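Listed here are the chains, written in short residue letters.
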Amino acid sequence: MTVDDAVARALAIGPDSSAAERTIDITTLGARSGIARRIEIWFHRVDGCWYLTGMPGPRNWYANLQANPRFVVHLKHGVTADLPATAAPVDEPTRRRVITAVLDLQNRPEIAARVSRRQNFDEWFAYSPLVEIVFDDVTVRTASSTQPA
């Protein structure tokens, strides 16, 4: 397997992917400071596109991406790669699809046991940060879109 194949496999996450497989780091630039900030976060793949979201409420990473949409996705867990990307806003129908898919995952018993309560669609839809990850490298986008979800 080549590095490109490994990256494509790492990006080919789906509903049955483990927490480790969907865990990445991202580096954003601080909204006010302009200082690079690296955090660990889950990413999601819905309909062949990748997204970042989180629990309802304000998130620093989201404020950073709104101010500076360029960022880096750091793959780990089986492949090490730093992939430049841009955070793109999503429209309402996409938001509905992605939040539904994310909550299907969040409300699975093995994951729901780690949070205090079942996650509510209306709350997530109204208050969760959500951006699409658009990778700079077209070959990354197309290679991983051919992998099964």
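Everything discussed here concerns the structure shown above.
Within every chain, residues take consecutive numbers counted from 1 along the sequence as written. Where local features are concerned, this predicted model is filtered to residues with pLDDT of at least 70; where side-chain atom pairs are given and counted, the filter is 80 or more; whole-chain, interface and lining totals use all residues. Side-chain metrics in this entry use all non-hydrogen atoms of the structure; hydrogen atoms and water are not considered.

1. As for the pattern of salt bridges
Okay, step 1: Salt bridges are counted wherever a side-chain nitrogen of Lys or Arg sits within 4 Å of a carboxyl oxygen of Asp or Glu. For the coordinates displayed, the defined rule picks out five salt bridges.
Okay, step 2: With a shortest N-O distance of 2.6 Å, E40 and K76 are connected by a salt bridge. Pair noted here: E40 is in strand β2 (residues 36-46) and K76 is in the loop between β4 (70-75) and β5 (81-88), with a separation of 36 residues, a long-range link.
Okay, step 3: To sort residues, take the accessible area from a 1.4 Å probe on protein chains only and compare it with the maximum for the residue type: under 20% means buried, over 50% means exposed, and anything in between is partly exposed. The class for K76 is partly exposed, based on a relative accessible area of 23%.
Okay, step 4: The salt bridge involving D47 is made with R97; its shortest N-O contact spans 2.7 Å. Here R97 lies in helix α4 (residues 92-106) and D47 lies in the loop between β2 and β3 (49-53), a separation of 50 residues in the sequence. Secondary structure is summarised from DSSP: a helix means a run of H or I of at least four residues, a strand means a run of E of at least two, and numbering begins at the N terminus for each.

2. Side note on unusual backbone geometry
Okay, step 1: With phi around 55°, D47 is a residue other than glycine that occupies positive phi space.
Okay, step 2: In the Ramachandran plot, H77 falls in the positive-phi region, its phi being about 60° despite a non-glycine side chain.
Okay, step 3: Within the secondary structure layout, H77 lies in the loop between β4 and β5.

3. Let's talk about α4
Okay, step 1: Expected helix span is taken as 1.5 Å per residue step, with the number of steps being one fewer than the number of residues. Along its 15 residues, α4 runs 20 Å from first to last C-alpha, staying within 8% of the 21 Å computed at 1.5 Å per residue.
Okay, step 2: Where α4 is concerned, the buried positions are T94, R95, V98, I99, V102, L103, L105 and Q106. Seen along its axis, α4 keeps its buried residues to an arc of 150°; they face one direction. Opposite the buried face of α4, by more than 90 degrees, sit the exposed residues P93 and D104. In this description, the arc belongs to the directions extending from the helix axis to the C-beta atoms.

4. With respect to the pairing of strand β1 (residues 23-29)
The side chains of a regular strand alternate between both faces of the sheet.
Okay, step 1: With six of its seven residues buried, β1 lies for the most part within the structure.
Okay, step 2: With seven bridges joining them, β1 and β2 adopt antiparallel strand pairing. Directly across from T27, in β2, lies its bridge partner R38.
Okay, step 3: Hairpin geometry of β1 and β2 is characterised by an intervening segment of six residues between the two adjacent antiparallel strands and by a positive phi of about 75° at G34. Between any two strands, pairing holds if DSSP finds at least two bridges.

5. Looking at the side chain of T27
Okay, step 1: Residue position: T27 is located in strand β1.
Okay, step 2: For T27, a relative accessible area of 18% translates into the label buried.
Okay, step 3: By the criterion applied in these results, polar contacts are pairs of N or O atoms within 3.5 Å in which, for protein atoms, one can donate a hydrogen and the other can accept it, and in which residues neighboring in sequence qualify only through two side-chain atoms. In terms of polar contacts, T27 uses its side chain to reach the side chain of H74, at 2.6 Å.
Okay, step 4: Contacts: residue pairs with any heavy atoms within 4.5 Å of one another. Among residues more than four places away in sequence, those in contact with T27 are A36, R37, R38, F71, V72 and H74.

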